[in-house]
Amino acid sequence: MTEEEKNRQDPEVACYCERPELKRKETGISYLRKTGYEKLDLYLPEEGNGPFPVLIDVHGGGWFYGTRSSRRLDPVLEGLKRGYAVASVDYTLSGAAKFPTQVYELKAAVRFLREHATRYLLDPDRIGMWGLSAGANLAMLAAFSAAAGELEDEGGGIGFPISDRIQALAALYGPTDLTISEGCHAASMESLFLGCIPRENPELARKANPCTYVTKDAPPCFLQYGDADELVVPEHGFAVRDALQSVRTDGDWFEIVHGAGHADARFRTQENTEKIFRFFDAHLKGI
């Protein structure tokens, strides 16, 4: 990892936020026990006994840094006031394990929450995922491959008794084709994630491209990209939009946010947060 990439670590993504003001929560839940990273924090609405629809937060950080329950979780936690439970998930960072470990982990988190839905007052039939940047890439990979019955971990394949499918997905400025990244080298974020330079292993890069797994059965998608984003250029978004439009004509939302750079504050305005929740309300609550 270069010094430049170390300096890219945004404290709003890298630092855990305790949130003592939220009383109804359980933190540090182990949803898998393989690498030690597989933990989640679960937050419930202050009132009611559910079952609550669930939003799974998948943090960004270039696959090499970041934490669950960072400050970037704030917009997702708006869901507590709207009757959603929120699960913020850690996955194994690329310095400790390579793709597809992280995708397997997200699918395991979905299965865990579904298996323990009664205990945690969750609705196992109404699960959404909200990913940012690298987290959006992983969320798309998990959601699309689950719907396609592909990219399954050993022992957790198609016949596994607990489904890893979700019912709605919001993915913001998520990479798709890792071979189009500029300046990709052996120490780049993409190469650390895959364990090789993407252009030197196009088959592995294809497997890490969410578009590979798009079918008509993919969950409804809310997709946003910024046209001033130099890290994840809009072509990533156009590719997944086109893949979805090739198999179905409705149910998805695609938007280019004009003037927005990578992880721009425009994505976290109250207006945009409302837009995302209208999407989830339509697909997880039917309103």
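Located above this text is the structure these notes cover.
A short tour of the structure in this document, coming up.

Reading the values: the criteria
- Residues numbered from 1 in each chain as written.
- Predicted model: local features only at pLDDT ≥ 70, side-chain atom pairs only at ≥ 80, totals over all residues.
- Heavy atoms only, no water.
- Helix = DSSP H or I, 4+ residues; strand = E, 2+ residues; numbered from the N terminus.
- Buried < 20%, exposed > 50% of the residue type's maximum accessible area, 1.4 Å probe, protein only.
- Contact = heavy atoms within 4.5 Å.
- Areas by Shrake-Rupley, 256 points an atom, 1.4 Å probe, with all protein chains shown as cover.
- Pairing = 2+ DSSP bridges.
- Axes fitted to C-alpha atoms, helices over the stretch in contact; angles between N-to-C directions.
- Core = buried A, V, L, I, M, F, W, Y, C linked by side-chain atoms within 4.5 Å.
- Salt bridge = Lys/Arg side-chain N within 4 Å of Asp/Glu carboxyl O.

Moving on: the overall build of the protein. When its secondary structure is counted, the protein shows 10 helices and 8 strands. By principal-axis analysis of the C-alpha atoms, the protein measures approximately 50 × 45 × 40 Å. Split into buried and exposed, the 287 residues of the protein put 56% on the buried side. The long-range fraction of contacts in the protein, counting pairs at least 24 apart against all pairs at least 6 apart in sequence, stands at 78%. Summed over all atoms, the accessible surface of the protein reaches about 12,000 Å², with 50% contributed by carbon and sulfur.

Glancing now at the pairing of strand 8 (residues 253-257). With 5 bridges connecting them, strand 7 (residues 221-226) and strand 8 associate as parallel partners. Along strand 8, the bridge assignment pairs Gly226 with Val257.

Turning next to the sheet that holds strand 7. The sheet built from 8 strands is open, its strands ordered 1-2-4-3-5-6-7-8 with mixed pairing. If you trace the sheet from one side to the other, it starts and ends with strand 1 (25-30) and strand 8, each paired once. With direction set aside, neighbouring strand axes in the sheet form an average angle of 15°. In the sheet, strand 1 pairs with strand 2 (residues 39-43) via 4 bridges, with the strands oriented antiparallel. Along strand 2, the bridge assignment pairs Lys25 with Tyr43. Across the sheet, helix 9 (residues 234-245) lies against strand 7 and strand 8, angled at about 155° from strand 7, the strand it touches most.

This part takes up the nonpolar core. Ile56, Phe144, Leu169 and Phe280 are the most contacted members of the largest nonpolar core, which has 88 residues in total. Ignoring sequence-local partners within four residues, the contact set of Leu169 consists of Met129, Ala139, Met140, Ala143, Phe144, Pro219, Pro220, Cys221, Phe222, Phe279 and Phe280.

As enumerated under the stated definition, the model contains 21 salt bridges in all. With a closest N to O distance of 3.0 Å, Glu12 and Arg72 form a salt bridge. Of the two residues, Glu12 is situated in helix 2 (residues 11-14) and Arg72 in the loop between strand 3 (52-58) and helix 3 (74-77); the sequence distance between them amounts to 60 residues. Overall, the relative accessible area of 33% leaves Glu12 in the partly exposed class. Arg72 gets classed as buried once you look at its relative accessible area, which sits at 11%. Close ionic contact of Arg248 with Asp252 constitutes a salt bridge, the shortest N to O distance being 2.7 Å. In this structure Arg248 comes out as buried when scored by relative accessible area, which is 15%. Residues joined by salt bridges that share partners form a network here, namely Lys107, Arg111, Glu152 and Asp164.

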